[in-house]
Amino acid sequence: MHPAAREMLLSAVDSGWADPVRLHHEGRTARLLLDNARAVLADAVGVRADELYLTTSGTAAIQAGLTAVRAARGRVGATIVHSAVEHSAVLHTAGEAAAEVGVDRLGRVELPAFTDAVRRPGVAVAALQSANHEVGTRQPIEAAAEAAGDVPLFVDASASVGHDVIPAGWSVLAASAHKWGGPAGVGLLAVKKGTRIAPAWPMDEREDGLSPGFPNIPHALAAAAALQARLAEAAELDKHHRAWIDEVRSRVAADIPDVEVVGDADDRLPHILTFSCLYVDGEALVTALDAEGFAVSSGSACTSSTLRPSHVLAAMGVLTHGNVRVSLGRDTTHEEVQRFCAVLPGLVQRIRAEVGM
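Residues numbered from 1 in each chain as written. Predicted model: local features only at pLDDT ≥ 70, side-chain atom pairs only at ≥ 80, totals over all residues. Heavy atoms only, no water.

So, on to the environment of Tyr53. Tracing the backbone shows Tyr53 in strand E1 (residues 52-55). Sequence separation between Tyr53 and Gly187 is 134 residues; the distance between their C-alpha atoms is 8.4 Å. (Helix = DSSP H or I, 4+ residues; strand = E, 2+ residues; numbered from the N terminus.)

Attention now moves to the pattern of salt bridges. Overall, the coordinates contain 19 salt bridges when judged by the stated rule. With a shortest N-O distance of 3.8 Å, Glu236 and Lys239 are connected by a salt bridge. Separated by three residues within a single helix, Glu236 and Lys239 lie in helix H7 (residues 217-255), roughly one turn from each other. Its relative accessible area of 45% is what places Glu236 among the partly exposed residues. The residue Arg251 makes a salt bridge to Asp255 at a minimum N-O spacing of 3.8 Å. Of the two residues, Arg251 and Asp255 both sit in helix H7, four residues apart, roughly one turn of that helix. With a relative accessible area of 28%, Arg251 lands in the partly exposed category. Given the relative accessible area of 38%, Asp255 is considered partly exposed. Beyond isolated ion pairs, a larger network of salt bridges with shared partners links Arg108, Arg138, Asp164, Asp264 and Asp267. (Salt bridge = Lys/Arg side-chain N within 4 Å of Asp/Glu carboxyl O. Buried < 20%, exposed > 50% of the residue type's maximum accessible area, 1.4 Å probe, protein only.)

See the structure below:
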C-alpha cells in the first residue's frame, strides 16, 4: 500500500464510518468524504464525478459494468465481443453469448477480425483491455473504438491506471485500486454520459444499483490518496521501470537457454514482464525465487492460485510451461532487479537438473 493511502486510511477510519445516505451529522460528514474521494478518482481517469461508481473490486466493476451495458442494449442483442486475452472476469461475464477475437504472438488483438466481429448484428458491447495484465502489451483502443462505432467499448484498465495513459474512445472503464497502491476491495467503474446501463441490482441511492451495499468510505479515500500520489510520481517511476524491465528482458534472453520472453518489447506497460522457461515447472521456480526474496507469479495472472496454464499465453501461441510474471512496484530498487537477474539462471539450471534436463 502506498504510504499516502495508509496515512489517509488511518485517519478516515475515525471520520468516515457512518452511512453517507443518512441525514444526521455523521452521515453528512461521511457523504462529504465520499464525494471528495469520488471527485479525485474521477478526475484521475478523466470523467465527471457523477460518471464514476465505486465497487468492491476491479472484478466486480467488470461484471457489473458489462452486465449493465449488455442488459441496456437487449433489443440490439446480447453478444459481447472480446479479445482472447481479457481478464477472466470478462470471459466469465460474456459467457456463451460471446464472440472471441484472437491475438498475435505479441498479445495484440487482430484488429481486422475485431472490426468484423463488432460490426455483426446482435452485438451489445465490445470489450478490450487497455493493456494486458500478464505480458504488458498495449491494445489499440482508439482504433477499436472507431471500429466499434455505435457499439459501446468497455475497457478494463486495471493494469494501466496509475502506470500508463489510457487512450480515448472508451464508453465504460473498470479499474482496481490495489494495482496503484490503494487498499484491496475498491474498484472503479466509469460510465460516460450517453452510455445506457441497466444494473442488475435495484436502482437506489447506493451507486445507482451498480454496487449495492454500504460503501467503504475509508478505503475509497485511501484509494483516492494513493492514485493522486502515484500519478505525481508516475513520470519518474515509469522511466526507471521501463529501463529495468528492458534490462531483465535482455538478460533473461541472454543468460538462460530455452527461454521465451513474451509481449511487445516497446509498445507496453512499463512495469510488467513475462517469460517462459522450457523444462521448468512454474510452481517450483516461483517457490525457489520466493526463497531468495522475490515475490513473482506463475500460471494465469488472474487465477494464479490454481496454477492453470495461462489462457493469455495460450491465446498468443507462445510457451505456457514454466512461465514467470514479474511486476515492479514503487519500492523496487535497481539493486533488487540486478540481483534477480543474477540468481535466476542458477535457479533455472538447478530445477532442470532435478528433473534430469
